[in-house]
Amino acid sequence: MSPQQIAEYLKQSRSIRGWFWPAAAYLFGLIEDHQHRSGVAGDFFEIGAFHGKSTLLLAHMARNRGQTLGVCDLFGADDEAHALAGGGFYPTFHSNLSDAFDSLDFLRVFIKPSNRLTPTDTTLDCRFFHIDGDHEAESVASDLAVAASAVNERGVVIVDDIYNFAWPGVAEGFFRFMTNQPGELSPIAMGFNKLVLCRPAARALYESLFDDAAAPWRFVPRGPTSLKTLDLCGWKTRVFHVPSYRSPDPLRTTLTMLYQHAPRLSDRVSRLVRYHARAGAAS
Ligand SMILES: C[S@@+](CC[C@H](N)C(=O)[O-])C[C@H]1O[C@@H](n2cnc3c(N)ncnc32)[C@H](O)[C@@H]1O
């Protein structure tokens, strides 16, 4: 998908509840566009759809390229029968997707826990596999094992919330998978809450995306974001990040620096800021 198509998707998905940052959508677009230009084909799959915010982007990608999209979620229901009878949030997911397309014949939905997915469900020919289901370490490691089997030789696996302090199990699950199944997947890029992995043999394909320093910024909005290269699990990984001196939240950055250098003074400043915020809200 082009950056323009991603922008249209962002408008279309604005009213869908979920957890999918616009910058992450552009990162997905960057990877998918590179795959397409490089002749990488295959299916799309997502574990963890909620109301379908990220699913809608994958749906556009799959349909545009004539591929299938598989989705696995329990949708807050007891089981498949309950979801299909209107339980949980499956009806919301379904209407968000059906509002966007004339036909959903490219979509296959598996209403079950991800640890019950079979190779027939996922196919063994995925080029894009998004993991955003249960965030406990055991589930993340298990979802990564499912994805590692499902993804084809040149596909990618993308993991959500990799370094979100609110979900430490995701990083634990990732490192557990890397220890238990070494050499199956390797980190290639990270940013905007996502970690992108590919097979070691496919690294050159994705490295070439970053050979042209301007290429990522044709998709990813630059703003205060920088790109650096660091080792993760021994693999060279491109890291999209906002340096603290360019933080979009100067007040928080200043308070953090103050706290590190003068904790007592910082407490007083924080109290003052909170007092003025409350006074402002009350007036
Ligand atoms: C963070 S939400 C997904 C957000 C979504 N990708 C978006 O763009 O908004 C996590 C989803 O994972 C689902 N989930 C949790 N545990 C699961 C499991 N074991 N198997 C499949 N789905 C699961 C939840 O029902 C929920 O819809």
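As a reminder, the structure under discussion sits directly above these lines.
Heads up: these notes are all about the structure in this document. (Residues numbered from 1 in each chain as written. Predicted model: local features only at pLDDT ≥ 70, side-chain atom pairs only at ≥ 80, totals over all residues. Heavy atoms only, no water.)

1. Remarks on empty space enclosed by the protein
In step 1: As enumerated under the stated definition, the model contains 1 cavity of 30 Å³ or more in all.
In step 2: Of the volumes computed, that of the largest cavity is approximately 30 Å³.
In step 3: Taken together, Ile 131, Asp 132, Gly 133, Asp 134, His 135, Val 140, Val 159, Asp 160 and Val 170 form the lining of the largest cavity.
In step 4: Tallied by class, residues from the lining of the largest cavity come to 4 nonpolar, 2 polar and 3 charged. (1 Å grid on protein atoms, 1.4 Å probe; cavity = no way out; pocket = protein on both sides within 12 Å on 5 of 7 lines; lining within 4 Å. Points joined across faces, edges and corners; volume = space filled by probe spheres on them. Nonpolar A, V, L, I, M, F, W, Y, C, P; charged D, E, K, R; others polar.)

2. Regarding the pattern of salt bridges
In step 1: In this structure the tally under the stated criterion is 10 salt bridges.
In step 2: Residue Arg 203 is joined to Glu 207 by a salt bridge in which the shortest nitrogen-to-oxygen separation is 3.6 Å. In this pair, Arg 203 and Glu 207 are both assigned in helix α9 (residues 203-211), 4 residues apart and thus about one turn of the helix distant. Neither Arg 203 nor Glu 207 differs from the other in exposure class; each is buried.
In step 3: Residue Glu 207 is joined to Lys 236 by a salt bridge in which the shortest nitrogen-to-oxygen separation is 3.8 Å. Of this pair, Glu 207 sits in helix α9 while Lys 236 sits in strand β9 (residues 235-241), and the two are 29 residues apart along the sequence.
In step 4: When its relative accessible area of 39% is taken as the criterion, Lys 236 is described as partly exposed.
In step 5: Look at the salt bridges and you will find they share partners, linking Arg 203, Glu 207, Lys 236 and Arg 238 into a network. (Salt bridge = Lys/Arg side-chain N within 4 Å of Asp/Glu carboxyl O. Helix = DSSP H or I, 4+ residues; strand = E, 2+ residues; numbered from the N terminus. Buried < 20%, exposed > 50% of the residue type's maximum accessible area, 1.4 Å probe, protein only.)

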